[in-house]
Amino acid sequence: MTNAGWFARAEAVIPGGVDSPVRSFRSVGGTPYTVVSGSGATVTDVEGTEYLDFVQSYGASLLGHAHPRVIAAITEAATKGTTFGAPTPGEVLLAEAIVERVPGLEQVRFVSSGTEAVMSAVRLARGATGRSRILKFDGCYHGHADHLLVAGGSGVAELGLPGSAGVPAGAIGDTLVAPYNVVPELDESVACVLVEPVAANMNLVRPVDGFLEGLRAECDRVGALLIFDEVITGFRVGVGGAAEMTGVTPDLWCFGKVIGGGLPVGAFGGSAKLLETLAPAGPVYQAGTLSGNPLATAAGLAVLTGVTAEDYAGLIGRAEDFGKRLCQAIRSGGLWSCVPSTGPLLGLYLAPPDAGRSAPSNYLESRAIAESGLYPAFFHEMLSRGVALAPGAYEVLFVSMAHTSDHLDRAVEAAAEASAAVAATL
Ligand SMILES: *Cc1c(COP(=O)(O)O)cnc(C)c1O
């Protein structure tokens with residue numbers, strides 16, 4: 001059956017045909033390809049078309065699809081039983097692996113998604129401080145919990161939503177929103193400041209010098225907790241994540257994506273003293289039937305213990321070089337482009353050639369470029385050349401450890417042609 005056939009069946013039984021809005025082609029037009037398999041840097045759809053994949057499950061995949069070591073770990077774990085409702089060695093091993101790699105982090109609790117991780121970290125921050133208000137930044141995405149769904153990036157931005165219907169005013173009444181890259185002035189009503197230390201859900205926006213340091217100082221001044229949402233950056237921008245990379249240590253970390261090795265896992269953590277506030281030791285309740293699931297922790301452990309600092313350095317070198325060449329290729333094709341990078345994360349901004357723009361430092365600037373409206377056409381030109389970018393202008397490119405120089409060369413070539421094709425329509 002064709003992609004169109006599968007998607008029609010999907011739309012009949014799944015709202016919008018997708019289980020997460022970012023997967024729909026709403027913001028780029030057309031019908032999504034339905035994936036049957038993936039291997040390393042590529043995915044194959046139901047029609048047998050292979051794509052060079054820069055989606056990589058929006059960052060859940062670091063080693064590439066179906067990595068033999070991860071498959072072996074999952075298979076072995078599965079033969080022993082998939083969930084018990086009792087402590088398991090696997091969750092201890094993964095917690096140790098995480099804590100060892102992230103300077104300043106002492107304990108983590110596992111959950112089943114990034115959304116749950118952030119939701120739980122915020123509850124912990126409120127419980128520990130006895131305060132209600134939280135502050136987030138415009139264009140940052142922190143999952144789909146009610147109180148965090150204002151001024152969200154990723155799919156919320158792609159669908160042009162200010163927030164979400166179904167979220168009562170009361171749920172967001174204690175959520176303050178500030179522009180990214182400006183240190184807000186806080187007062188003692190604020191429980192926590194929640195930030196993506198590198199913003200990767202409004203396309204890529206890097207923290208300017210002094211921003212994260214300033215947040216740290218301002219939180220300390222008023223006794224608020226600083227939460228780094230490292231669901232994308234954790235174990236992606238380097239062994240110790242964004243905290244280690246920037247040298248700014250938060251009070252709480254949130255993880256997801258990479259730490260699950262492609263299975264559903266999230267985690268949040270901080271100092272042992274702060275985490276004592278959680279049940280059963282403390283009064284802040286938080287729980288999960290499948291939390292610390294043996295399959296998921298085995299997959300995560302296989303990823304974390306299978307990559308070295310040298311692997312990250314190699315990946316970052318390849319991705320940075322690719323980003324530069326991608327930008328040049330698009331410019332040579334006739335469009336204006338900017339491809340900022342942080343670690344292996346790449347942004348991708350496109351605009352008409354005479355736009356005279358520079359790399360955005362906040363959501364409004366990122367949106368202004370997205371609204372130039374060139375991304376959908378560029379996306380489809382790339383897809384028709386066998387290169388799959390995310391179907392939305394606010395996502396980043398994920399270069400996995402499985403992307404070879406050949407793959408990246410191919411993508412650069414495709415980008416030059418795609419740019420020329422789009423430029424010809426202007
Ligand atoms: C993906 C993401 C989340 C939500 O994680 P889910 O596993 O999709 O619930 C939270 N924060 C950031 C920064 C993310 O990129």
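Scroll up to find the structure.
Quick caveat: nothing in here was measured; it's all calculated off a predicted structure. (Residues numbered from 1 in each chain as written. Predicted model: local features only at pLDDT ≥ 70, side-chain atom pairs only at ≥ 80, totals over all residues. Heavy atoms only, no water.)

Caption draft 1: Main features of helix H3 (residues 68-79). The end-to-end C-alpha distance of H3 is 17 Å, a good match for the 16 Å that 12 residues give at a rise of 1.5 Å each. Taken residue by residue, H3 has Val70, Ala73 and Ala77 as its buried positions. Buried residues of H3, seen end-on, are gathered within an arc of 65° and therefore sit on one face of the element. Exposed residues on H3 whose side chains face more than 90 degrees from its buried face are Pro68 and Thr79. Where H3 is buried, its residues touch helix H11 (294-306). (Helix = DSSP H or I, 4+ residues; strand = E, 2+ residues; numbered from the N terminus. Expected span 1.5 Å × (residues − 1). Buried < 20%, exposed > 50% of the residue type's maximum accessible area, 1.4 Å probe, protein only. Arc of directions from axis to C-beta. Contact = heavy atoms within 4.5 Å.)

Caption draft 2: Fine view of the site of the ligand. Residues in contact with the ligand, as listed here, are Ser113, Gly114, Thr115, Tyr141, His142, Gly143, Glu196, Asn201, Asp229, Val231, Ile232 and Lys257. Measuring from a nitrogen atom of the ligand, one finds a side-chain N or O atom of Asp229 at 2.6 Å. With respect to the ligand, the side chain of Lys257 contributes an N or O atom lying 2.7 Å from an oxygen atom. Surface burial for the ligand is 84%, taken as the share of its 380 Å² of free accessible area covered by protein chains. Of the residues assigned to the shell around the ligand, the class counts are three nonpolar, six polar and three charged. (Near = heavy atom within 4 Å. Polar contact = N/O pair within 3.5 Å; in protein donor to acceptor, adjacent residues only side chain to side chain. Areas by Shrake-Rupley, 256 points an atom, 1.4 Å probe, with all protein chains shown as cover. Nonpolar A, V, L, I, M, F, W, Y, C, P; charged D, E, K, R; others polar.)

Caption draft 3: Region of interest: the sheet that holds strand E9 (residues 252-255). One open sheet accounts for seven strands, arranged E4-E10-E9-E8-E7-E5-E6; its pairing is mixed. One side of each edge strand has no neighbouring strand; the edge strands of this open sheet are strand E4 (107-111) and strand E6 (175-178). The sheet shows a mean angle of 20° between the axes of neighbouring strands, direction not considered. Here strand E5 (residues 133-137) runs beside strand E7 (residues 190-195); their pairing, made up of three bridges, is parallel. Within the sheet, the bridge partner assigned to Leu135 lies in E7 and is Val193. Set on the sheet, helix H4 (residues 89-101) makes contact with E4 and E9; between it and E4 the angle comes to about 130°. Contacts from helix H5 (residues 114-129) reach E4, E5, E7, strand E8 (225-229), E9 and strand E10 (266-270), with the element oriented near 165° to E9. (Pairing = 2+ DSSP bridges. Axes fitted to C-alpha atoms, helices over the stretch in contact; angles between N-to-C directions.)

Caption draft 4: Looking closely at the nonpolar core. The biggest cluster of nonpolar side chains holds 105 residues, and the ones touching the most others in it are Phe54, Ile98, Phe137, Phe322, Phe378 and Leu389. Lining this core are residues from two domains, each supplying at least three of them: domain 1 (3-62 + 309-423) and domain 2 (68-304). Leave out the neighbours within four places in its chain, and Phe378 touches Ile330, Leu335, Leu348, Leu350, Leu389, Ala415, Ala418, Ser419 and Val422. Formed by 22 residues, the second largest nonpolar core is a distinct cluster that contains Ile227, Leu252, Cys254 and Phe268. (Core = buried A, V, L, I, M, F, W, Y, C linked by side-chain atoms within 4.5 Å. Domains from an automatic or database assignment.)

That's the geometry; what it means functionally is another story.
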